[in-house]
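# Observations on the three-dimensional arrangement
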Amino acid sequence: MTGTPGGMVGTAVTTGSVPENTLSADELRGARTDLDGLSPQQRLAWAVERFGDRFALTTSFGIQSSVLLHMLSELPDGTSVPVIWVDTGYLPPETYQYAETLQQRLNIHLVVAQSSMSPARMEALHGRLWETGEVRDLEVYLQIRKVEPLERMLAELEVECWASGVRRGQTEHRRSMTWLDPIRDRWSLRPLLTWTPRDVFYYMQEHDLPQHPLFEQGYSTVGDWHSSGPDGAELSGRSTRFGGLKQECGIHVPQASGEGMLGEGI
């Protein structure tokens with residue numbers, strides 16, 4: 001299997017303010033060119049070497065999360081890299097079980113990020129935001145339970161660059177991504193950006209990686225229990241998320257739409 005299926009497609013628009021004191025514009029262009037010629041594993045190794053202890057990985061322990069986690073575990077210094085898991089408090093039981101399985105199998109350095117607002121408190125103050133059918137309410141929910149906990153943990157760990165397993169074919173927004181983009185004053189690395197579901201499947205098969213328990217129930221992507229579902233005749237992939245109202249949770253965009261709308265005390 002080749003390291004960079006599909007190749008690089010052009011240069012995307014800037015997705016956020018450029019982080020300070022890391023890469024100049026010329027260095028960024030050079031880094032993107034260099035990353036284009038590397039395998040996903042080599043892209044991770046590049047980030048570990050370039051950013052050292054200011055590099056982290058994020059994971060959702062979703063359907064295809066094992067691939068990047070396995071690649072990280074194979075690096076000489078991989079077990080020292082923090083793996084940030086945003087636990088919303090609303091994940092399916094199968095995801096918690098899968099997280100335990102992969103953590104034990106791959107010996108990753110797991111760091112759990114959670115909202116400072118408990119699910120019970122959030123529901124008391126804001127209601128069951130995922131049930132209203134309003135995009136704005138979903139954005140408030142995602143800001144509280146996902147974006148803010150991640151940003152807090154990235155700040156606590158003093159992370160300059162974080163990697164994720166996002167791929168171009170997953171959403172419209174992700175089609176414009178490059179290997180390395182600025183997001184919310186940090187660098188975001190996408191080692192698997194051009195991979196297809198077939199590439200992921202064969203990698204998991206080659207390395208005997210376990211599937212998420214919900215995969216056999218028809219899920220091709222999974223998030224919170226109330227906003228995920230199996231593929232069907234009308235909806236598949238990321239379209240099954242959030243009742244079809246949204247595809248992005250806010251983590252991979254420059255600024256979540258709900259950011260700042262709740263004020264203090266979250």
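Source: prediction; values computed, not measured.

### Focus on the environment of His226
By the element assignment, His226 lies in the segment after helix 7 (197-206). Separated by 96 residues in the primary sequence, His226 and Trp130 have C-alpha atoms spaced 7.4 Å apart.

### Things to note about the packing of aromatic side chains
Under the criterion given, the structure shown has nine aromatic pairs. Ring geometry for Tyr90 against Trp130: centres 5.1 Å apart, planes inclined by 65 degrees, an arrangement best described as edge-to-face. Of this pair, Tyr90 sits in the loop between strand 2 (82-86) and helix 4 (93-106) while Trp130 sits in the loop between helix 5 (119-126) and helix 6 (135-156), and the two are 40 residues apart along the sequence. Each ring, one from Phe201 and one from Tyr202, has its centre 5.5 Å from the other, and the planes form 70 degrees; the classification is edge-to-face. Since its relative accessible area comes to 39%, Tyr202 is described here as partly exposed. Linked through ring pairs, Tyr90, Trp130, Tyr141 and Trp225 together constitute an aromatic cluster. Against the face of Trp179 rests Arg43, its NZ or CZ located 3.6 Å from the ring centre. Sitting over the face of the ring of Phe51, Arg50 holds its NZ or CZ atom 5.0 Å from the ring centroid.

Procedures and definitions
Residues numbered from 1 in each chain as written. Predicted model: local features only at pLDDT ≥ 70, side-chain atom pairs only at ≥ 80, totals over all residues. Heavy atoms only, no water. Helix = DSSP H or I, 4+ residues; strand = E, 2+ residues; numbered from the N terminus. Phe/Tyr/Trp six-rings, centres within 6.5 Å; stacked < 30°, edge-to-face > 60°. Buried < 20%, exposed > 50% of the residue type's maximum accessible area, 1.4 Å probe, protein only. Lys NZ or Arg CZ within 6 Å of the ring centre and 35° of its normal.

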